[in-house]
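Topology and contacts: notes
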Amino acid sequence: MSEDTTAAHAFAKLLAVVTELRARCPWDREQKLGDTPRHLVEEAYEVADAVARGNPIDIAEELGDAIVQCLFTGVILAEESKLDLATVMQNAADKLVRRHPHVYGDIRADTSDQVIENWERIKLDERASKNPDDAGSLAHVGRGLPSLMRAEKLGEKARRAGMDWANIREVIAQAREELDEVEQALDRDDTAHAAEELGDLMLAIANAPRFIDHDAETTLRAACDKFVARFDEVARIAAARGLDLKSMSPAEVDTIWNEAKAAGTNRKYR
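Read on for an overview of the structure. (Residues numbered from 1 in each chain as written. Predicted model: local features only at pLDDT ≥ 70, side-chain atom pairs only at ≥ 80, totals over all residues. Heavy atoms only, no water.)

Here we come to the nonpolar core. Counting residues in each nonpolar core, the largest one holds six residues, listed as Val18, Leu71, Phe72, Val75, Ile76 and Leu85. By residue number, the principal contributor to this core is helix H4 (residues 56-80), which donates four residues. Aside from chain neighbours lying at most four places away, what touches Val75 is Leu15, Val18, Thr19, Arg22 and Leu85. Residues Ile237, Met248, Ile256 and Ala260 belong to the second largest nonpolar core, which totals five residues. (Core = buried A, V, L, I, M, F, W, Y, C linked by side-chain atoms within 4.5 Å. Buried < 20%, exposed > 50% of the residue type's maximum accessible area, 1.4 Å probe, protein only. Helix = DSSP H or I, 4+ residues; strand = E, 2+ residues; numbered from the N terminus. Contact = heavy atoms within 4.5 Å.)

Rendered as structure tokens:
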């Protein structure tokens, strides 16, 4: 049996299980289309976390869970509309073919940049055919994404449209300017304006990693993991010395934090 046949057989079996559960499991039967986004997002992040940890077995398991949620959403969609899973998958295949003319047509694309340029042009043409007045707007970009990822995606789209910082140092300069405006707002006790300027600061910082070939989500995820590791080390040191972090002064906690930081300098955080 070929790999394609094996994959097709496994896919059909999984779809059959998902469909049967929808029909026979009380919890599955109660779910509505509006209930599915939370599970889809959760499983997508579980896949992302597994990929970041680099364990193929975990990746495969979490990817399977994500596929289940996609199929489950498709089964419910088919019940509520004429868009069954076959139509969904056919439309997805057609879109891939349409947006890869360098593979399925006579357009030439020798680099990733050229592929992306073609993709964006075709996508823009598709949008223009549906709504000519809104084709060039960024309003639709990443609306379903978490704000950090949307901020980065907006920057990428703006760059392709010809508006962007020239380099990361310009981003940092913008961030300093926004930080100054935050402090000025705080000096005026204008917390509403301070929050607005903090948003501008975060938008700029979210776009900084892409200028050094990193992405915002992975960069922040690594920082979170590093913080967790250092926090745990601080708690360990404090416990070993019989200290209560909550009763210590900020300066005393900072001293232990620096110890934990030094201890982890040559350690790779997970």
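Moving on, there is more to tell.
Right, let's talk about the packing of aromatic side chains for a bit. Across all of its chains, the model carries three aromatic pairs by this definition. With a centroid separation of 5.7 Å and an interplanar angle of 40 degrees, the aromatic rings of Phe227 and Trp257 are classed as tilted. In this pair, Phe227 sits in helix H11 (residues 216-240) while Trp257 sits in helix H12 (residues 250-263), placing the two residues 30 residues apart along the sequence. Since its relative accessible area comes to 23%, Trp257 is described here as partly exposed. (Phe/Tyr/Trp six-rings, centres within 6.5 Å; stacked < 30°, edge-to-face > 60°.)

On to helix H10 (residues 191-207). Between its first and last C-alpha atoms H10 spans 24 Å; for 17 residues at 1.5 Å apiece the expected length is 24 Å, and the two agree. Taken residue by residue, H10 has Ala194, Glu197, Leu201, Ala204, Ala206 and Asn207 as its buried positions. Among the structural elements, helix H8 (147-160), helix H9 (168-187) and H11 are those in contact with the buried residues of H10. (Expected span 1.5 Å × (residues − 1).)

Bringing unusual backbone geometry into the picture now. Of note in this structure, Asp189 is not a glycine but carries a positive phi near 60 degrees. Here Asp189 falls in the exposed class, since its relative accessible area comes to 65%. Phi at Asp213 is positive, roughly 60 degrees, even though this residue is not glycine. With respect to the helices, strands and loops of the structure, Asp213 is situated in the loop between H10 and H11.

Taken as a whole, this structure holds 16 salt bridges when the rule is applied. In this structure, Asp49 engages Arg53 in a salt bridge whose closest nitrogen and oxygen atoms are separated by 2.9 Å. Residue Asp49 and its partner Arg53 are both found in helix H3 (residues 36-53); the two are separated by four residues, about one turn of the helix. We classify Asp49 as partly exposed; its relative accessible area is 27%. Each of Asp49, Arg53, Asp58, Glu217 and Arg221 takes part in a single network of salt bridges with overlapping partners. (Salt bridge = Lys/Arg side-chain N within 4 Å of Asp/Glu carboxyl O.)

Turning our eyes to something else, we now look at the packing of H9 against H10. Where H9 meets H10, the axes come as close as 8 Å, and the angle between the chain directions of the two elements is 170 degrees. By the criterion of interaxial angle, the relationship of H9 to H10 is roughly antiparallel. Once H9 is placed against H10, the crossing between them reads as left-handed. Across the interface between the two elements, Val171, Gln174, Ala175, Glu178, Leu179, Glu181, Val182, Ala185 and Leu186 from H9 touch His193, Ala194, Glu197, Leu198, Asp200, Leu201, Ala204 and Ile205 from H10. Its residues assigned to classes, the contact of H9 with H10 shows eleven nonpolar, two polar and four charged. (Axes fitted to C-alpha atoms, helices over the stretch in contact; angles between N-to-C directions. Parallel < 35°, antiparallel > 145°, perpendicular 65-115°, else oblique. Left-handed = near helix turned anticlockwise from the far one by under 90°. Nonpolar A, V, L, I, M, F, W, Y, C, P; charged D, E, K, R; others polar.)

Just distances and angles here, no functional claims.
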